[in-house]
Amino acid sequence: MSIPFSVLDLAPVVSGATSGDALRNTLDLARSTEGLGFHRYWLAEHHTMPGIASSATSVLIGQVAAATSRIRVGSGGVMLPNHAPMVIAEQFGTLEALFPGRIDLGLGRAPGTDQATARALRRSPEALSVDDFPEQVIELRGYFAEDSTVTPAAGNEPPVWLLGSSGYSARLAGLLGLPFAFAHHFSAENTLPALALYRESFRPGTLDAPYSMIGVSVTAAESDERARELAAPQALAFLRLRQGRPGKLPTPEETAAHPYTPLERQMIDSRLADQVMGGPETVRRQMDALIEKTGVDEVMVTTQVFDHADRIRSYEILADLYDLKAAEPPAASGL
């Protein structure tokens, strides 16, 4: 299966480390995955999360693009309800002008945070509804037009993607003829319905044909047992997030010592079941099955493990399995 593989990075802050450590690891991982043949490198916008340092997404995209030379760099995604569309157009127009042909603008419709933080980001008590998102997307894209007065956005539109974990953005991406990325890594049960809706809704626009990508949580190691050990801390971090106690990525020792209740153990097992995880043979088998089942054009991999060297090693194993250095770039225009 010869399709592009890409990287989704949340700049994880691990226990005992700082945001600065996480951001330096991001730059190192970007350089490493570029050398391994990964196609694009996206940063995710999250706010007030102690374990995620990628909140200033556009700033970090510029740093990653400057530290690399070939790999596409973008947002996975910018949560558009948190920002004035003109500001995003200025930011990404600047990035596209500095790094032409290497920037992606992935857009999400959810604030991705609590309501108090969303109000602080927008400096407005008025919350945007789901129905505002299409209008925001159209407004934003208008600022990139050649005759726009918004500099440097005018004439510097990067490829715009819509991101989603349900059917809403899937349908909108199809109707607008845009590429679509689905968050399989935290909404696996909705993956197939959303992709089907995207393809059924597609009308030629920016693209002549649908182009879909899924985000997948992957932990690859030398053996199945070792991979499960490496994946355990991020599963505990996710459990704590769901319990309203977000924190840094815990150590393996803290993870092993946690007194799991039966319900917590069930939630952990459910979380890990939706991931691609194991030694090389297991990862290849699981990934091939997922690609075949979904029919996607590209896979975006997120790997959250405690040790930075183990994270790089996971990407190395995946790159070797699919011979990414020899892979062709996507055929879709501009992607």
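To be clear, the structure that these remarks concern was listed above.
A. A look at the packing of aromatic side chains. Summed over all chains, the structure comprises seven aromatic pairs. Measuring from centroid to centroid gives 5.4 Å for Phe180 and Tyr198, while their planes differ by 35°, and the two rings are tilted. Residue Phe180 is located in strand E6 (residues 180–182), and its partner Tyr198 is located in helix H7 (residues 191–201); the two are separated by 18 residues in the primary sequence. We note that Phe180, like Tyr198, is buried. Aromatic pair Tyr198 and Phe202: ring centres 6.0 Å apart, planes at 80°, arrangement edge-to-face. Across the pair, Phe202 and Tyr198 agree in class, each one buried.

B. Representation of the pattern of salt bridges in the model. Summed over the entire model, instances satisfying the criterion amount to 13 salt bridges. Salt-bridge contacts for Arg226 lead to Asp310; the nearest nitrogen and oxygen are separated by 3.5 Å. Separated by 84 residues along the polypeptide, Arg226 in helix H8 (residues 224–242) and Asp310 in helix H12 (residues 308–322) bring together distant segments of the chain. Judged by its relative accessible area of 36%, Arg226 is partly exposed. On the basis of relative accessibility, which here comes to 21%, the residue Asp310 falls in the partly exposed class. Of the charged contacts in the structure, one is a salt bridge between Asp269 and Arg228, with a shortest N-O distance of 3.2 Å. Residue Asp269 is located in helix H10 (residues 262–273), and its partner Arg228 is located in helix H8; the two are separated by 41 residues in the primary sequence. Accessibility expressed as a relative area gives 39% for Arg228, which makes it partly exposed. Residues joined by salt bridges that share partners form a network here, namely Arg40, Arg72, Asp104 and Glu298.

C. Examining the environment of Ala173 more closely. As for its placement among the helices and strands, Ala173 is situated in helix H6 (residues 167–176). Distance from Ala173 to Trp161, taken between C-alpha atoms, is 7.7 Å for residues twelve residues apart in sequence. Here Ala173 is in contact with Leu162, Leu178, Pro179, Phe180 and Tyr198, once residues within four sequence places are set aside.

D. Expanded view of the layout of surface pockets. The volume enclosed by the largest pocket comes to roughly 1200 Å³. Lining the largest pocket we find 48 residues, and of these Leu10, His46, His185, Phe186 and Leu241 sit closest to its centre. Residue assignment for the lining of the largest pocket shows that the elements contributing at least two residues are strand E3 (72–79), strand E5 (160–164), H6, E6, strand E7 (212–220), H8 and strand E9 (298–302). Ranked by residue count, the leading element in the lining of the largest pocket is H8, at five residues. Residues of the lining of the largest pocket, tallied by class, amount to 22 nonpolar, 20 polar and six charged.

E. View of helix H5 (residues 132–142). Every buried residue belonging to H5 is among Phe133, Gln136, Val137 and Leu140, and all of these are buried. Projected down its long axis, H5 carries its buried residues within an arc of 100°, all on one side. Facing away from the buried side of H5, by more than 90 degrees, are the exposed residues Glu135 and Ile138. Residues of H5 that are buried make contact with helix H3 (85–98), strand E4 (103–108), helix H4 (115–122), E5 and H6.

Cut-offs applied
Residues numbered from 1 in each chain as written. Predicted model: local features only at pLDDT ≥ 70, side-chain atom pairs only at ≥ 80, totals over all residues. Heavy atoms only, no water. Phe/Tyr/Trp six-rings, centres within 6.5 Å; stacked < 30°, edge-to-face > 60°. Helix = DSSP H or I, 4+ residues; strand = E, 2+ residues; numbered from the N terminus. Buried < 20%, exposed > 50% of the residue type's maximum accessible area, 1.4 Å probe, protein only. Salt bridge = Lys/Arg side-chain N within 4 Å of Asp/Glu carboxyl O. Contact = heavy atoms within 4.5 Å. 1 Å grid on protein atoms, 1.4 Å probe; cavity = no way out; pocket = protein on both sides within 12 Å on 5 of 7 lines; lining within 4 Å. Points joined across faces, edges and corners; volume = space filled by probe spheres on them. Nonpolar A, V, L, I, M, F, W, Y, C, P; charged D, E, K, R; others polar. Arc of directions from axis to C-beta.

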